[in-house]
Amino acid sequence: MQTSPPNSKLSLFGMAIDRVTLGEAMSQLLDRCAAPSDGRCHYVVTPNVDHVVMHHTRADLRAAYQSAAMVLADGAPLIAASRLLGKPLPERVAGSDLTPAVLRAAGTGGRPPLRVFLLGAGPGIAEVAAEKIVRRNQRVEVVGTYCPPLGFEKNAGENEAILAAIASAKPDLLIIGLGAPKQELWISRFHERIDAKVALCVGATIDFLAGHKQ
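All values derive from a computational prediction rather than experimental measurement. (Residues numbered from 1 in each chain as written. Predicted model: local features only at pLDDT ≥ 70, side-chain atom pairs only at ≥ 80, totals over all residues. Heavy atoms only, no water.)

*Asks:* So, the packing of helix α1 (residues 22–34) against helix α5 (residues 95–105): which residues are in play, and what are the values?
*Replies:* The N-to-C vectors of α1 and α5 enclose an angle of 55°; their axes lie 10 Å apart at closest approach. Classified by the angle their axes make, α1 and α5 are oblique. For the crossing formed where α1 meets α5, the hand is right-handed. In this structure, α1 contributes Leu 22, Ala 25, Met 26, Leu 29 and Leu 30 to the contact, and α5 contributes Asp 97, Leu 98, Ala 101, Val 102 and Ala 105. In terms of residue class, the contact of α1 with α5 is built from nine nonpolar, no polar and one charged. (Axes fitted to C-alpha atoms, helices over the stretch in contact; angles between N-to-C directions. Helix = DSSP H or I, 4+ residues; strand = E, 2+ residues; numbered from the N terminus. Parallel < 35°, antiparallel > 145°, perpendicular 65-115°, else oblique. Left-handed = near helix turned anticlockwise from the far one by under 90°. Contact = heavy atoms within 4.5 Å. Nonpolar A, V, L, I, M, F, W, Y, C, P; charged D, E, K, R; others polar.)

See below:
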């Protein structure tokens, strides 16, 4: 399948969506993780139809999307809409597909092993996911997990504790499973202070990796 250049974008429902395949997105993210840190966390959002509705009504979410390094279409209706406009997106790139693809490809192509931190999911779930990730992906090291309490985003002390835990672990990749729009708003607020090269806002993906949800 012929695809658009990695940096081309499609304006759709007020969002600038990257016109990339899953494989292209995966490769770009792994290259970023392998590169030296530039002092900020480059975060990825994966909008579906529900996100589109929230994006239309919430200025804070629109601002979060504008600051994202990559916006990937997670939802068949978005792909269909792009085709109707005559500027088709190559394919659906769901966070639940992208995350395991990145983990499987870690350390390939001359890249170093990948250091990963899991933020979110319910108590104990991230730990289970971490065990399964390491067992399935020999070139991935899970360097930390954190399950924040309900309402943590309004607690300055809790936010500082999360930032400190990430800074101590120094991951290449931060996988965030806090649900939308909380995860997008949180990473937008703190991405310039987060000591990780890349962050993926991927909803229930940590639960999927743990086998807690299908």
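*Asks:* Give me the lowdown on helix α6 (residues 125–136), citing residues and values where you can.
*Replies:* With 12 residues, α6 ought to run about 16 Å at 1.5 Å a step, and its terminal C-alpha atoms sit 17 Å apart, in line with that. Every buried residue of α6 is listed here: Ile 125, Ala 126, Ala 129, Ala 130 and Ile 133. Looking down the long axis of α6, one finds its buried residues gathered within 135° of arc, a one-sided arrangement. Set apart from the buried face of α6 by more than 90 degrees, the exposed residues are Glu 131 and Arg 135. Contacts made by the buried residues of α6 are with α5, β5 (114–120), β6 (140–146) and α9 (205–210). (Expected span 1.5 Å × (residues − 1). Buried < 20%, exposed > 50% of the residue type's maximum accessible area, 1.4 Å probe, protein only. Arc of directions from axis to C-beta.)

*Asks:* Mind laying out the pattern of salt bridges, listing which residues take part and the relevant values?
*Replies:* Using the criterion set out here, one finds 10 salt bridges in the structure. Close ionic contact of Lys 182 with Glu 153 constitutes a salt bridge, the shortest N to O distance being 3.8 Å. With Lys 182 in helix α8 (residues 182–190) and Glu 153 in the loop between β6 and α7 (156–169), this pair connects stretches of sequence that are 29 residues apart. On the basis of relative accessible area, Glu 153 is assigned to the partly exposed category, the value being 23%. (Salt bridge = Lys/Arg side-chain N within 4 Å of Asp/Glu carboxyl O.)

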